Amino acid sequence: MKLEKDISLKPYNSFGIDVKAHQFISVQSKEELLEILKRFYASELFVLGGGSNMLLTQNIKKTVLHINLKGIEVVEDHTDYVLIKAHAGENWHDFVIYCLEHNFGGLENLSLIPGNVGTSPVQNIGAYGVELKDTMAYCETINRQTLSEKRFFTQDCQFGYRDSIFKSKFKNQYIITSVVFKLTKKNHQLHIDYGSIQTELKARGITSPTIQEVSKAIIGIRESKLPNPKEIGNSGSFFKNPIVDYKTLKAVQTDYPDVPYYEIDEKSMKIPAGWLIEKTGMKGYRKGDAGIHTKQALVLVNYGTASGKDIENLAKLVQKKVKNKFDIALETEVNVF
Ligand code: EPU
(Lines give C-alpha, C1' and ligand atoms only; values in the text may rest on other atoms or scores of the structure.)
Protein backbone atom coordinates (compact mmCIF):
# COMPACT_ATOMS: atom_id res chain seq x y z
CA MET A 1 0.00 0.00 0.00
CA LYS A 2 1.57 3.25 -1.02
CA LEU A 3 0.39 6.80 -1.07
CA GLU A 4 0.78 8.38 -4.49
CA LYS A 5 0.50 12.08 -5.21
CA ASP A 6 -0.98 14.01 -8.14
CA ILE A 7 -1.86 11.01 -10.26
CA SER A 8 -4.27 11.01 -13.19
CA LEU A 9 -7.57 9.23 -12.54
CA LYS A 10 -8.05 8.53 -16.26
CA PRO A 11 -7.41 4.76 -15.92
CA TYR A 12 -9.75 4.60 -12.93
CA ASN A 13 -12.98 5.93 -14.46
CA SER A 14 -14.78 4.34 -17.39
CA PHE A 15 -15.57 7.76 -18.91
CA GLY A 16 -11.80 8.16 -19.29
CA ILE A 17 -11.83 11.67 -17.85
CA ASP A 18 -8.38 13.02 -17.16
CA VAL A 19 -8.59 14.66 -13.74
CA LYS A 20 -6.01 14.46 -10.99
CA ALA A 21 -6.17 13.01 -7.52
CA HIS A 22 -4.23 15.06 -5.01
CA GLN A 23 -3.46 11.81 -3.13
CA PHE A 24 -4.27 8.20 -4.02
CA ILE A 25 -4.12 4.96 -2.04
CA SER A 26 -5.16 1.54 -3.27
CA VAL A 27 -6.02 -0.98 -0.56
CA GLN A 28 -5.82 -4.70 -1.19
CA SER A 29 -7.05 -6.16 2.07
CA LYS A 30 -9.50 -5.42 4.85
CA GLU A 31 -6.56 -4.79 7.19
CA GLU A 32 -5.14 -2.12 4.87
CA LEU A 33 -8.58 -0.60 4.51
CA LEU A 34 -9.02 -0.42 8.28
CA GLU A 35 -5.61 1.18 8.64
CA ILE A 36 -6.55 3.94 6.20
CA LEU A 37 -9.95 4.47 7.79
CA LYS A 38 -8.16 4.93 11.12
CA ARG A 39 -5.64 7.31 9.66
CA PHE A 40 -8.03 9.63 7.79
CA TYR A 41 -11.30 11.25 8.78
CA ALA A 42 -14.18 10.02 6.64
CA SER A 43 -14.56 13.55 5.23
CA GLU A 44 -10.97 13.45 3.89
CA LEU A 45 -11.55 10.40 1.71
CA PHE A 46 -13.07 9.92 -1.73
CA VAL A 47 -13.98 6.26 -2.12
CA LEU A 48 -13.46 4.80 -5.57
CA GLY A 49 -14.67 1.39 -6.72
CA GLY A 50 -14.74 0.39 -10.39
CA GLY A 51 -15.27 4.01 -11.50
CA SER A 52 -17.95 2.94 -13.95
CA ASN A 53 -20.81 5.02 -12.65
CA MET A 54 -19.24 8.40 -12.11
CA LEU A 55 -18.50 11.57 -13.99
CA LEU A 56 -15.51 13.47 -12.66
CA THR A 57 -15.76 17.17 -13.45
CA GLN A 58 -12.83 18.44 -11.38
CA ASN A 59 -9.58 17.41 -9.70
CA ILE A 60 -10.15 15.50 -6.48
CA LYS A 61 -8.66 17.33 -3.54
CA LYS A 62 -9.49 14.59 -1.06
CA THR A 63 -7.44 11.43 -0.78
CA VAL A 64 -8.79 8.88 -3.24
CA LEU A 65 -9.25 5.50 -1.59
CA HIS A 66 -9.27 2.79 -4.23
CA ILE A 67 -11.01 -0.36 -3.00
CA ASN A 68 -9.07 -3.20 -4.57
CA LEU A 69 -9.96 -6.19 -2.41
CA LYS A 70 -9.78 -9.38 -4.46
CA GLY A 71 -10.97 -12.95 -4.06
CA ILE A 72 -13.87 -15.25 -4.84
CA GLU A 73 -14.85 -18.10 -2.54
CA VAL A 74 -17.75 -20.49 -2.02
CA VAL A 75 -18.88 -19.96 1.56
CA GLU A 76 -21.64 -22.61 1.59
CA ASP A 77 -22.07 -25.52 -0.77
CA HIS A 78 -25.50 -27.23 -0.85
CA THR A 79 -27.01 -29.79 -3.20
CA ASP A 80 -29.06 -27.22 -5.09
CA TYR A 81 -27.29 -23.96 -4.47
CA VAL A 82 -24.13 -22.21 -3.32
CA LEU A 83 -23.46 -19.07 -1.37
CA ILE A 84 -20.56 -17.46 -3.15
CA LYS A 85 -18.62 -14.46 -1.97
CA ALA A 86 -16.82 -11.98 -4.20
CA HIS A 87 -14.66 -9.29 -2.69
CA ALA A 88 -15.39 -5.68 -3.56
CA GLY A 89 -12.51 -5.12 -5.99
CA GLU A 90 -13.38 -8.04 -8.27
CA ASN A 91 -14.44 -6.95 -11.73
CA TRP A 92 -18.19 -7.60 -12.06
CA HIS A 93 -18.16 -9.28 -15.46
CA ASP A 94 -15.15 -11.47 -14.61
CA PHE A 95 -17.09 -12.65 -11.56
CA VAL A 96 -20.16 -13.44 -13.69
CA ILE A 97 -17.97 -15.46 -16.06
CA TYR A 98 -16.39 -17.32 -13.11
CA CYS A 99 -19.90 -18.28 -11.93
CA LEU A 100 -20.91 -19.45 -15.40
CA GLU A 101 -17.75 -21.54 -15.72
CA HIS A 102 -18.75 -23.28 -12.49
CA ASN A 103 -22.36 -23.59 -13.72
CA PHE A 104 -23.73 -21.36 -10.94
CA GLY A 105 -26.92 -19.73 -12.20
CA GLY A 106 -28.56 -16.38 -11.47
CA LEU A 107 -26.21 -13.70 -12.76
CA GLU A 108 -26.24 -14.53 -16.48
CA ASN A 109 -28.56 -11.62 -17.41
CA LEU A 110 -26.13 -9.24 -15.73
CA SER A 111 -23.27 -10.19 -18.05
CA LEU A 112 -20.97 -7.44 -19.33
CA ILE A 113 -22.11 -4.75 -16.90
CA PRO A 114 -19.06 -2.57 -16.27
CA GLY A 115 -17.77 -1.91 -12.76
CA ASN A 116 -16.75 -3.83 -9.69
CA VAL A 117 -18.62 -6.14 -7.34
CA GLY A 118 -18.37 -3.75 -4.39
CA THR A 119 -20.51 -1.04 -5.93
CA SER A 120 -23.10 -3.36 -7.45
CA PRO A 121 -25.45 -3.19 -4.42
CA VAL A 122 -25.24 0.62 -4.22
CA GLN A 123 -26.94 0.92 -7.61
CA ASN A 124 -28.80 -2.37 -7.44
CA ILE A 125 -27.45 -2.95 -10.93
CA GLY A 126 -29.94 -4.43 -13.35
CA ALA A 127 -30.44 -5.49 -16.93
CA TYR A 128 -32.79 -7.60 -19.03
CA GLY A 129 -35.38 -8.25 -16.34
CA VAL A 130 -32.95 -9.12 -13.53
CA GLU A 131 -31.58 -7.00 -10.71
CA LEU A 132 -28.79 -7.62 -8.24
CA LYS A 133 -31.32 -7.91 -5.40
CA ASP A 134 -32.73 -11.09 -6.98
CA THR A 135 -29.63 -13.12 -6.09
CA MET A 136 -27.76 -11.16 -3.44
CA ALA A 137 -27.90 -12.88 -0.05
CA TYR A 138 -26.02 -10.24 1.92
CA CYS A 139 -23.14 -7.84 1.69
CA GLU A 140 -20.39 -7.20 4.21
CA THR A 141 -19.48 -3.65 5.13
CA ILE A 142 -17.34 -1.50 7.37
CA ASN A 143 -18.82 1.56 9.01
CA ARG A 144 -16.60 4.51 8.08
CA GLN A 145 -17.08 6.26 11.42
CA THR A 146 -17.03 3.44 13.97
CA LEU A 147 -14.97 0.95 11.87
CA SER A 148 -17.31 -1.81 13.00
CA GLU A 149 -18.27 -4.54 10.56
CA LYS A 150 -21.89 -5.07 9.58
CA ARG A 151 -23.68 -7.53 7.37
CA PHE A 152 -26.62 -6.15 5.35
CA PHE A 153 -29.12 -8.75 4.23
CA THR A 154 -31.07 -8.09 1.05
CA GLN A 155 -34.19 -7.11 2.97
CA ASP A 156 -32.20 -4.47 4.92
CA CYS A 157 -30.99 -2.69 1.79
CA GLN A 158 -34.20 -0.94 0.65
CA PHE A 159 -33.47 -1.96 -2.91
CA GLY A 160 -35.38 -0.14 -5.64
CA TYR A 161 -34.84 0.73 -9.29
CA ARG A 162 -31.11 1.66 -9.40
CA ASP A 163 -31.45 2.49 -5.71
CA SER A 164 -30.53 1.24 -2.24
CA ILE A 165 -30.04 2.37 1.33
CA PHE A 166 -26.38 3.04 0.43
CA LYS A 167 -27.54 5.89 -1.83
CA SER A 168 -30.05 7.34 0.65
CA LYS A 169 -30.12 6.90 4.44
CA PHE A 170 -26.60 5.47 4.67
CA LYS A 171 -24.99 7.44 1.84
CA ASN A 172 -21.18 7.56 2.29
CA GLN A 173 -21.44 5.79 5.64
CA TYR A 174 -20.36 2.26 4.80
CA ILE A 175 -17.72 0.69 2.62
CA ILE A 176 -18.87 -2.56 1.06
CA THR A 177 -16.04 -5.09 1.32
CA SER A 178 -17.71 -8.14 -0.22
CA VAL A 179 -21.01 -9.35 -1.63
CA VAL A 180 -22.45 -12.85 -1.17
CA PHE A 181 -24.84 -14.32 -3.74
CA LYS A 182 -27.14 -17.31 -3.59
CA LEU A 183 -26.79 -19.04 -6.94
CA THR A 184 -28.35 -22.23 -8.27
CA LYS A 185 -26.34 -25.37 -9.06
CA LYS A 186 -29.21 -27.03 -10.92
CA ASN A 187 -32.78 -26.28 -12.04
CA HIS A 188 -31.63 -22.82 -13.05
CA GLN A 189 -34.41 -20.21 -13.26
CA LEU A 190 -34.04 -18.52 -16.61
CA HIS A 191 -35.30 -14.99 -17.28
CA ILE A 192 -35.64 -14.83 -21.03
CA ASP A 193 -38.99 -13.05 -21.47
CA TYR A 194 -37.36 -9.73 -22.31
CA GLY A 195 -38.14 -9.22 -26.02
CA SER A 196 -34.63 -8.78 -27.31
CA ILE A 197 -33.38 -11.95 -25.54
CA GLN A 198 -36.00 -14.04 -27.34
CA THR A 199 -35.03 -12.50 -30.66
CA GLU A 200 -31.31 -13.02 -30.03
CA LEU A 201 -31.76 -16.67 -28.94
CA LYS A 202 -33.94 -17.36 -31.98
CA ALA A 203 -31.30 -15.83 -34.27
CA ARG A 204 -28.80 -18.23 -32.72
CA GLY A 205 -31.16 -21.18 -33.27
CA ILE A 206 -31.43 -21.89 -29.53
CA THR A 207 -34.75 -23.11 -28.15
CA SER A 208 -33.94 -24.36 -24.64
CA PRO A 209 -30.93 -22.31 -23.57
CA THR A 210 -28.39 -23.00 -20.86
CA ILE A 211 -27.31 -20.19 -18.53
CA GLN A 212 -24.11 -19.91 -20.56
CA GLU A 213 -26.12 -19.46 -23.75
CA VAL A 214 -28.30 -16.80 -22.11
CA SER A 215 -25.13 -14.97 -21.08
CA LYS A 216 -23.76 -15.15 -24.62
CA ALA A 217 -27.04 -13.81 -26.01
CA ILE A 218 -26.99 -10.90 -23.50
CA ILE A 219 -23.39 -10.14 -24.43
CA GLY A 220 -24.43 -10.13 -28.10
CA ILE A 221 -27.28 -7.67 -27.41
CA ARG A 222 -25.15 -5.39 -25.26
CA GLU A 223 -22.29 -5.35 -27.75
CA SER A 224 -24.68 -4.41 -30.55
CA LYS A 225 -26.00 -1.29 -28.80
CA LEU A 226 -23.74 -0.26 -25.97
CA PRO A 227 -20.27 1.19 -26.44
CA ASN A 228 -17.38 -0.76 -24.92
CA PRO A 229 -15.82 1.52 -22.27
CA LYS A 230 -12.39 0.18 -23.26
CA GLU A 231 -12.90 1.72 -26.70
CA ILE A 232 -15.20 4.70 -26.07
CA GLY A 233 -15.42 6.27 -22.62
CA ASN A 234 -18.89 6.00 -21.07
CA SER A 235 -20.77 5.11 -17.91
CA GLY A 236 -23.63 3.09 -19.35
CA SER A 237 -27.02 4.70 -18.91
CA PHE A 238 -26.40 8.30 -17.97
CA PHE A 239 -30.02 8.89 -16.93
CA LYS A 240 -32.61 6.79 -15.15
CA ASN A 241 -35.72 5.88 -17.05
CA PRO A 242 -38.27 8.38 -15.69
CA ILE A 243 -41.30 7.12 -13.80
CA VAL A 244 -44.32 9.20 -14.81
CA ASP A 245 -48.03 9.31 -14.00
CA TYR A 246 -50.82 8.32 -16.34
CA LYS A 247 -51.59 11.94 -17.32
CA THR A 248 -48.00 12.51 -18.45
CA LEU A 249 -47.99 9.28 -20.44
CA LYS A 250 -51.29 10.27 -22.12
CA ALA A 251 -49.78 13.62 -23.09
CA VAL A 252 -46.82 11.87 -24.76
CA GLN A 253 -49.20 9.43 -26.49
CA THR A 254 -51.12 12.31 -28.10
CA ASP A 255 -48.21 12.90 -30.48
CA TYR A 256 -46.57 9.46 -30.22
CA PRO A 257 -49.24 6.74 -29.81
CA ASP A 258 -46.59 4.02 -29.93
CA VAL A 259 -44.34 5.35 -27.15
CA PRO A 260 -42.80 2.33 -25.36
CA TYR A 261 -43.51 2.12 -21.62
CA TYR A 262 -43.53 -0.40 -18.79
CA GLU A 263 -46.28 -0.35 -16.21
CA ILE A 264 -45.02 -0.25 -12.63
CA ASP A 265 -48.48 -0.09 -11.04
CA GLU A 266 -51.78 1.37 -12.20
CA LYS A 267 -50.60 4.89 -11.31
CA SER A 268 -47.02 4.91 -12.59
CA MET A 269 -45.24 3.97 -15.77
CA LYS A 270 -41.59 3.96 -16.78
CA ILE A 271 -40.76 5.53 -20.15
CA PRO A 272 -37.34 4.71 -21.66
CA ALA A 273 -35.18 7.84 -21.41
CA GLY A 274 -33.32 6.69 -24.54
CA TRP A 275 -36.56 6.91 -26.52
CA LEU A 276 -37.34 10.41 -25.18
CA ILE A 277 -33.83 11.63 -26.04
CA GLU A 278 -34.01 10.12 -29.51
CA LYS A 279 -37.27 11.96 -30.14
CA THR A 280 -35.59 15.30 -29.33
CA GLY A 281 -33.31 14.53 -32.29
CA MET A 282 -30.19 14.29 -30.15
CA LYS A 283 -29.23 10.65 -30.76
CA GLY A 284 -25.74 10.64 -32.27
CA TYR A 285 -25.21 14.33 -31.45
CA ARG A 286 -21.57 15.30 -30.90
CA LYS A 287 -19.88 18.47 -29.74
CA GLY A 288 -16.10 18.15 -29.63
CA ASP A 289 -15.42 14.81 -27.99
CA ALA A 290 -18.62 14.76 -25.91
CA GLY A 291 -21.45 12.90 -27.56
CA ILE A 292 -24.62 10.87 -27.40
CA HIS A 293 -24.12 7.29 -28.49
CA THR A 294 -25.33 6.58 -31.99
CA LYS A 295 -27.06 3.30 -31.07
CA GLN A 296 -28.45 4.01 -27.58
CA ALA A 297 -29.36 7.62 -26.78
CA LEU A 298 -29.31 6.97 -23.02
CA VAL A 299 -25.54 6.68 -23.08
CA LEU A 300 -23.30 9.75 -23.15
CA VAL A 301 -19.82 9.14 -24.49
CA ASN A 302 -16.33 10.59 -24.41
CA TYR A 303 -14.75 10.13 -27.82
CA GLY A 304 -11.31 10.91 -26.40
CA THR A 305 -10.49 14.20 -24.79
CA ALA A 306 -13.82 15.51 -23.50
CA SER A 307 -13.63 16.99 -20.03
CA GLY A 308 -16.07 16.10 -17.28
CA LYS A 309 -17.58 19.58 -17.67
CA ASP A 310 -18.12 18.98 -21.42
CA ILE A 311 -20.10 15.83 -20.62
CA GLU A 312 -21.97 17.56 -17.80
CA ASN A 313 -22.94 20.43 -20.11
CA LEU A 314 -24.17 17.95 -22.69
CA ALA A 315 -26.22 16.16 -20.01
CA LYS A 316 -27.81 19.48 -19.02
CA LEU A 317 -28.66 20.20 -22.64
CA VAL A 318 -30.32 16.79 -22.95
CA GLN A 319 -32.32 17.39 -19.76
CA LYS A 320 -33.44 20.79 -21.07
CA LYS A 321 -34.52 19.42 -24.46
CA VAL A 322 -36.49 16.55 -22.92
CA LYS A 323 -38.11 18.92 -20.40
CA ASN A 324 -39.09 21.37 -23.14
CA LYS A 325 -40.48 18.73 -25.45
CA PHE A 326 -42.19 16.36 -23.03
CA ASP A 327 -42.30 18.22 -19.69
CA ILE A 328 -40.46 15.26 -18.15
CA ALA A 329 -37.44 15.75 -15.87
CA LEU A 330 -34.61 13.29 -16.44
CA GLU A 331 -32.62 12.34 -13.36
CA THR A 332 -28.99 11.31 -13.74
CA GLU A 333 -28.12 7.74 -12.90
CA VAL A 334 -24.41 8.49 -12.92
CA ASN A 335 -22.90 10.27 -9.90
CA VAL A 336 -21.43 13.61 -10.86
CA PHE A 337 -18.50 14.92 -8.78
N1 EPU B 1 -34.97 3.25 -27.26
C2 EPU B 1 -35.06 4.14 -28.30
N3 EPU B 1 -33.95 4.85 -28.63
C4 EPU B 1 -32.77 4.70 -27.99
C5 EPU B 1 -32.69 3.80 -26.91
C6 EPU B 1 -33.80 3.08 -26.56
O7 EPU B 1 -36.11 4.30 -28.91
O8 EPU B 1 -31.81 5.39 -28.36
C9 EPU B 1 -36.14 2.42 -26.92
C10 EPU B 1 -35.92 0.98 -27.40
O11 EPU B 1 -36.29 0.81 -28.72
C12 EPU B 1 -36.80 0.20 -26.46
C13 EPU B 1 -36.74 0.99 -25.18
O14 EPU B 1 -36.29 2.30 -25.54
O15 EPU B 1 -38.13 0.20 -26.89
C16 EPU B 1 -35.84 0.37 -24.13
O17 EPU B 1 -34.52 0.26 -24.61
P18 EPU B 1 -33.46 -0.80 -24.02
O19 EPU B 1 -34.05 -2.16 -24.03
O20 EPU B 1 -32.18 -0.57 -24.71
O21 EPU B 1 -33.35 -0.46 -22.49
P22 EPU B 1 -33.29 0.91 -21.66
O23 EPU B 1 -34.57 1.05 -20.91
O24 EPU B 1 -32.90 2.03 -22.55
C25 EPU B 1 -32.38 -0.21 -19.47
C26 EPU B 1 -31.22 -0.01 -18.52
C27 EPU B 1 -29.94 -0.57 -19.11
C28 EPU B 1 -30.15 -2.04 -19.39
C29 EPU B 1 -31.33 -2.20 -20.35
C30 EPU B 1 -31.68 -3.64 -20.59
C31 EPU B 1 -31.78 1.97 -17.22
C32 EPU B 1 -31.45 3.40 -16.94
N33 EPU B 1 -31.07 1.39 -18.20
O34 EPU B 1 -32.12 0.60 -20.64
O35 EPU B 1 -28.93 -0.44 -18.13
O36 EPU B 1 -28.98 -2.62 -19.96
O37 EPU B 1 -32.52 -1.57 -19.77
O38 EPU B 1 -32.27 -4.18 -19.44
O39 EPU B 1 -32.63 1.41 -16.57
C40 EPU B 1 -27.10 0.83 -17.31
O41 EPU B 1 -27.73 0.94 -16.27
O42 EPU B 1 -25.96 1.35 -17.47
C43 EPU B 1 -27.71 0.12 -18.43
C44 EPU B 1 -27.13 0.04 -19.63
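Our structure is the block above this text.
Worth saying up front: this structure is predicted, and the values here are computed from it rather than measured.

Caption draft 1: Just the side chain of Glu90, in detail. For Glu90, the position within the fold is in the loop between β7 (81–87) and α2 (92–101). The side chain of Glu90 is buried and forms no salt bridge, while Lys70, the nearest opposite charge, is found at 5.4 Å. Those residues in contact with Glu90, other than ones at most four positions away along the chain, are Leu69, Lys70, Gly71, Ile72, Asn116 and Val117.

Caption draft 2: Up close: the site of the ligand. Neighbouring the ligand are 22 residues; Tyr128, Tyr161, Arg162, Glu278 and Gln296 lie closest to it. For the ligand, an oxygen atom lies 3.0 Å from a polar atom in the side chain of Gln296. Summarising the interface, the protein chains cover 82% of the accessible area of the ligand, which totals 820 Å² for the free molecule. For the shell around the ligand, the elements supplying multiple residues, two or more each, are α5 (211–225), β13 (233–237) and α7 (273–279). If you tally residues by element for the shell around the ligand, the top one is α7, at three residues. Grouping the constituent residues of the shell around the ligand by class yields 11 nonpolar, five polar and six charged. In this structure, the shell around the ligand is formed jointly by two domains, domain 2 (72–225) and domain 3 (233–336), each of which donates at least three residues.

Caption draft 3: Local environment of the pairing of strand β5 (residues 60–67). Burial analysis of β5 places six of its eight residues in the buried class, the great majority of the element. Of the strand pairs in this sheet, strand β2 (residues 20–27) and β5 are connected by six bridges, and their pairing is parallel. Each bridged residue has a counterpart across the sheet, and for Phe24 the counterpart in β5 is Val64. Here strand β3 (residues 45–48) runs beside β5; their pairing, made up of four bridges, is parallel. Bridge assignment links Leu48 to a residue of β5, and that residue is His66.

Caption draft 4: Main features of the pairing of β2. Across the eight residues of β2, six count as buried, placing the element largely inside the fold. Where strand β1 (residues 3–8) and β2 come together, five bridges link them in antiparallel fashion. In the strand pairing of β2, Leu3 is matched with Ile25.

Caption draft 5: Quick look at the nonpolar core. Grouped together as the largest cluster of nonpolar side chains are 43 residues, with contacts concentrated most on Phe238, Phe239, Ile271, Ile277 and Ile311. Of all the secondary-structure elements, those providing two or more residues to this core are β2, β3, β4 (54–55), β5, α6 (246–255), α7, β18 (290–292) and α8 (308–326). No other element matches the six residues that α8 contributes to this core. When residues are assigned to domains, this core turns out to be shared by domain 1 (4–67) and domain 3 (233–336), each giving three or more. Leave out the neighbours within four places in its chain, and Ile277 touches Phe239, Met282, Lys283, Ile292, Ala297, Leu298, Val318, Val322 and Leu330. In this structure, Leu100, Val179, Ile206 and Ile218 belong to the second largest nonpolar core, which totals 40 residues.

Rules of the game
- Residues numbered from 1 in each chain as written.
- Predicted model: local features only at pLDDT ≥ 70, side-chain atom pairs only at ≥ 80, totals over all residues.
- Heavy atoms only, no water.
- Helix = DSSP H or I, 4+ residues; strand = E, 2+ residues; numbered from the N terminus.
- Buried < 20%, exposed > 50% of the residue type's maximum accessible area, 1.4 Å probe, protein only.
- Lys, Arg positive; Asp, Glu negative; His and termini not counted.
- Salt bridge = Lys/Arg side-chain N within 4 Å of Asp/Glu carboxyl O.
- Contact = heavy atoms within 4.5 Å.
- Near = heavy atom within 4 Å.
- Polar contact = N/O pair within 3.5 Å; in protein donor to acceptor, adjacent residues only side chain to side chain.
- Areas by Shrake-Rupley, 256 points an atom, 1.4 Å probe, with all protein chains shown as cover.
- Nonpolar A, V, L, I, M, F, W, Y, C, P; charged D, E, K, R; others polar.
- Domains from an automatic or database assignment.
- Pairing = 2+ DSSP bridges.
- Core = buried A, V, L, I, M, F, W, Y, C linked by side-chain atoms within 4.5 Å.

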